[in-house]
Amino acid sequence: MPYVRTARAYVWVDAQATAKPEKSTPSAEEVRWAKNPLHTHHGMCIGFADTPRGAFVAVKRSSGTFWLAADHVLHPRELSDWLRTGFGHAA
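**Comments concerning the overall build of the chain**
Next, step 1: For the chain, the helix and strand inventory stands at three helices and six strands.
Next, step 2: Buried residues in the chain amount to 25% of all 91 residues.
Next, step 3: Sequence-distant contacts in the chain: of pairs separated by 6 or more residues, those separated by 24 or more amount to 34%.
Next, step 4: Taken as a whole, the chain presents about 6,600 Å² of accessible surface, with 55% of it coming from carbon and sulfur.

Written as structure tokens, this is what we have:
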């Protein structure tokens, strides 16, 4: 596997690609904002979007809010439980 050297350390090339937040944000129609945010080690999950590019979770951190691939933030069962309990009734 190839390595990339940064100023601080060597990292896997794959690790850098998966750790980057999504640069574009989902459209307003695709976003569901949580009534009950979910605290994770990635930050506080505050929204969910199911887009043609895949499922994304809005993660709020001290540095801002980022859209990350849902499977990189939550286990499928955690995501399913959160979608059922964290969003209330669909409008």
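Anyway, onward from the coordinates.
**Thoughts on the pairing of strand E3 (residues 31-40)**
Next, step 1: Here E3 pairs with strand E4 (residues 43-51) via six bridges, running antiparallel. Across the sheet, Arg32 pairs through a bridge with Phe48, a residue of E4.
Next, step 2: The antiparallel pairing of E3 with E4 creates a hairpin that spans two residues between the two strands.

**Structural notes on the side chain of Thr51**
Next, step 1: Looking at where Thr51 falls in the secondary structure, it is placed in strand E4.
Next, step 2: Engagement of the side chain of Thr51 in a polar contact is seen with the backbone oxygen of Gly54, the distance being 2.7 Å.

**Looking at the nonpolar core**
Next, step 1: Within the largest apolar cluster, twelve residues are counted, these being Ala34, Cys45, Phe48, Val57, Val59, Leu68, Ala70, Val73, Leu74, Leu79, Trp82 and Phe87.
Next, step 2: Mapped by element, the contributors of at least two residues to this core are E4, strand E5 (54-61), helix H2 (70-73) and helix H3 (76-85).
Next, step 3: Of all hydrophobic cores here, the second largest spans six residues; its members include Val31, Phe56, Ala58 and Trp67.

**Quick look at the pattern of salt bridges**
Next, step 1: Scanning all chains against the criterion turns up one salt bridge.
Next, step 2: We note a salt bridge from Asp81 to Arg84, for which the minimum N-O separation is 2.7 Å. Remark: Arg84 and Asp81 occur in helix H3; sequence separation between them is three residues, near one turn of the helix.

**Some thoughts on the environment of Ala69**
Next, step 1: Tracing the backbone shows Ala69 in strand E6 (residues 64-69).
Next, step 2: Ala69 gets classed as partly exposed once you look at its relative accessible area, which sits at 21%.
Next, step 3: Setting aside chain neighbours within four positions, we find Ala69 in contact with Ala55 and Phe56.

Analysis parameters
- Residues numbered from 1 in each chain as written.
- Predicted model: local features only at pLDDT ≥ 70, side-chain atom pairs only at ≥ 80, totals over all residues.
- Heavy atoms only, no water.
- Helix = DSSP H or I, 4+ residues; strand = E, 2+ residues; numbered from the N terminus.
- Buried < 20%, exposed > 50% of the residue type's maximum accessible area, 1.4 Å probe, protein only.
- Contact = heavy atoms within 4.5 Å.
- Areas by Shrake-Rupley, 256 points an atom, 1.4 Å probe, with all protein chains shown as cover.
- Pairing = 2+ DSSP bridges.
- Polar contact = N/O pair within 3.5 Å; in protein donor to acceptor, adjacent residues only side chain to side chain.
- Core = buried A, V, L, I, M, F, W, Y, C linked by side-chain atoms within 4.5 Å.
- Salt bridge = Lys/Arg side-chain N within 4 Å of Asp/Glu carboxyl O.

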